[in-house]
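# Overview (structure and organization)
Each chain is listed here by its residues.
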Amino acid sequence: MISTVVLPVAGLGTRFLPATKAVPKELLPVVDKPLLQYAVEEAWRAGIRHVVLVNSRTKPTLPRHLQPADAALVADLEARGKHELLAALQSATPPGLTLTVVIQEQALGLGHAVLCARDALAAMPGGLEQTFAVMLPDDFIDAPVNERSQGCLADMVALHRDTGAWSLAVEEVPRAQTDKYGVVSLTSNPADAGARIVAMVEKPKPADAPSNLAVVGRYVLPGSIFAALADVQPGVGGEIQLTDGIVALLASHDIRAHRFAGVRYDCGSKLGYAKANIALALRDPDLAAPLAAWLQQSPITIQEAS
Ligand code: UTP
């Protein structure tokens, strides 16, 4: 059973400046819910009840979103009979969710952020033997939720339960973009769900990439990743890369590539974030029709770059 997710949220979010000057990237909303909440809801559907937030000291509002709502606001909404708004307010804190906050003092990379969660996991019942999940909230995965699947992370948790294998979520990207991702190569046909990862490279140039299968922000990892990360030297960009820690485990662990259903929006980029907002707004019962009508009227003039 996997009971814990680590959410690294201590990054600088520079690609979104000035929006992220005072508001953490992970609290930017897609329509009406922050990225952080979508990630917690996906973890919840995977049966996970313990969130370890790896935060920076400069982002104190992040844990606040997962803590109980302001009592005065709750009382006010109750008194005014605003039940829908009250439910929306309280949806950010599912009952039974345990939150642990650890601080990454310096944004030294994703691998370093995960390593910062080591003591928090060591203190839990499963200790450092436990398998746990890592999710990057700015990789927003809009996946169908139905009787067959409760989302990307739930499917990865089920894979571990059924086979004992760990996994990384992957998707095909255009060759020209491999230098933005960790890229994997597999033992066998990539379409084979049991295909094991044999190699992984961080941000390879298209010519050097072992494939066009890119890792996106969902991981189910063994506790042994912490020992591996402790040995990792700063890599690409001077950061301690999670990729390098995972590479050290590939020979001894069955780590698989999980191709997920649905669409991933890179909400760490402005284009991905804009697409996510439009896609979800076009599914919102209140917004879909007026937004579609407005888009069809094409009131937008596109200025040619001079
Ligand atoms: P990104 O690679 O998107 O980096 O991090 P960033 O700093 O947030 O954004 P830019 O590139 O400056 O615009 C992916 C995830 O890893 C976390 C981020 O908060 C984000 O959720 N992260 C990254 C950390 O927690 N610590 C780090 O040192 C780096």
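As shown above, the structure is provided for reference.
Now for a quick tour of the structure. Since the model is a prediction, treat every value here as computed from it, not as a measurement. (Residues numbered from 1 in each chain as written. Predicted model: local features only at pLDDT ≥ 70, side-chain atom pairs only at ≥ 80, totals over all residues. Heavy atoms only, no water.)

### Quick notes on the site of the ligand
Surrounding the ligand, one finds 18 residues, the nearest of these being Leu 12, Thr 14, Arg 15, Lys 25 and Gln 104. Surface burial for the ligand is 82%, taken as the share of its 570 Å² of free accessible area covered by protein chains. The residue inventory of the shell around the ligand, partitioned by class, reads nine nonpolar, five polar and four charged. (Near = heavy atom within 4 Å. Areas by Shrake-Rupley, 256 points an atom, 1.4 Å probe, with all protein chains shown as cover. Nonpolar A, V, L, I, M, F, W, Y, C, P; charged D, E, K, R; others polar.)

### Digging into the pairing of strand β7 (residues 139-142)
Neither face of β7 is exposed, since Asp 139 and Ile 141 on one face and Phe 140 and Asp 142 on the opposite face are all buried. Pairing analysis gives four bridges linking β7 to strand β13 (residues 263-266), with the strands arranged antiparallel. What sits directly across from Phe 140, in β13, is Tyr 265. (Buried < 20%, exposed > 50% of the residue type's maximum accessible area, 1.4 Å probe, protein only. Helix = DSSP H or I, 4+ residues; strand = E, 2+ residues; numbered from the N terminus. Pairing = 2+ DSSP bridges.)

### Focus: the nonpolar core
One finds Leu 7, Leu 153 and Ile 246 to be the most contacted residues of the largest nonpolar core, which totals 67 residues. Ranked by the residues each element gives to this core, the list is headed by strand β11 (residues 213-221), at six residues. In this structure, Tyr 38, Phe 140, Ala 279 and Leu 280 belong to the second largest nonpolar core, which totals twelve residues. (Core = buried A, V, L, I, M, F, W, Y, C linked by side-chain atoms within 4.5 Å.)

### Comments concerning a nonpolar patch on the surface
The grouping of Ile 278, Leu 282, Trp 294 and Leu 295 at the surface amounts to a nonpolar patch, some 340 Å² of accessible area in total. Locating Trp 294 in the fold gives a position in helix α11 (residues 288-296). (Patch = residues over 30% accessible without salt bridge, like charges linked within 9 Å, V, L, I, M, F, W, Y side chains within 5 Å. Salt bridge = Lys/Arg side-chain N within 4 Å of Asp/Glu carboxyl O.)

### A short note on the packing of aromatic side chains
Taken as a whole and assessed by the stated rule, the structure comprises four aromatic pairs. Residues Tyr 38 and Phe 140 carry aromatic rings whose centres are separated by 4.6 Å and whose planes lie at 50 degrees to one another, so their mutual orientation is tilted. With Tyr 38 in helix α1 (residues 35-45) and Phe 140 in strand β7, the pair connects residues that are 102 residues apart, well separated along the chain. Residue Tyr 38 shares its accessibility class with Phe 140, and that shared class is buried. Three or more aromatic residues link up through ring pairs in this structure, and these residues are Tyr 38, Phe 140 and Tyr 265. Seen from the ring of Trp 44, Arg 49 lies directly overhead, with NZ or CZ sitting 3.5 Å from the centre. (Phe/Tyr/Trp six-rings, centres within 6.5 Å; stacked < 30°, edge-to-face > 60°. Lys NZ or Arg CZ within 6 Å of the ring centre and 35° of its normal.)

### Here we look at the pairing of strand β8 (residues 166-172)
Look at any regular strand and the pattern is simple: side chains alternate between the two faces of the sheet. Among the seven residues of β8, six are classified as buried, and the element is accordingly described as predominantly covered. One ladder, built from five bridges, connects β8 with strand β12 (residues 255-259); its direction is parallel. Across the sheet, Trp 166 pairs through a bridge with Ile 255, a residue of β12. With five bridges connecting them, β8 and β11 associate as antiparallel partners. Across the sheet, Val 170 pairs through a bridge with Val 215, a residue of β11.

### What about the side chain of Gln 37?
Tracing the chain through its elements places Gln 37 in helix α1. Its relative accessible area of 3% is what places Gln 37 among the buried residues. One polar contact links Gln 37 to His 65, side chain to side chain, over a distance of 2.9 Å. Other than its neighbours up to four places away in sequence, Gln 37 contacts His 65, Ser 91 and Ala 92. (Polar contact = N/O pair within 3.5 Å; in protein donor to acceptor, adjacent residues only side chain to side chain. Contact = heavy atoms within 4.5 Å.)

### Examining α1
The buried count for α1 comes to eight of eleven residues, which makes it a mostly enclosed element. Along α1, the positions that sit buried rather than exposed are Leu 35, Leu 36, Gln 37, Tyr 38, Ala 39, Val 40, Glu 42 and Ala 43. One or two positions beyond α1, positive phi appears at Gly 47, with a value near 90 degrees.

### Topic: the packing of helix α3 (residues 71-79) against helix α4 (residues 83-90)
Contact geometry for α3 and α4: axes closest at 8 Å, N-to-C directions at 155 degrees. Classed by the angle they form, the pair α3 and α4 counts as roughly antiparallel. The handedness of the crossing between α3 and α4 is left-handed. Residue-level contacts link Leu 73, Val 74, Leu 77 and Glu 78 of α3 to Leu 85, Leu 86, Leu 89 and Gln 90 of α4. Of the residues that constitute the contact of α3 with α4, the class distribution is six nonpolar, one polar and one charged. (Axes fitted to C-alpha atoms, helices over the stretch in contact; angles between N-to-C directions. Parallel < 35°, antiparallel > 145°, perpendicular 65-115°, else oblique. Left-handed = near helix turned anticlockwise from the far one by under 90°.)

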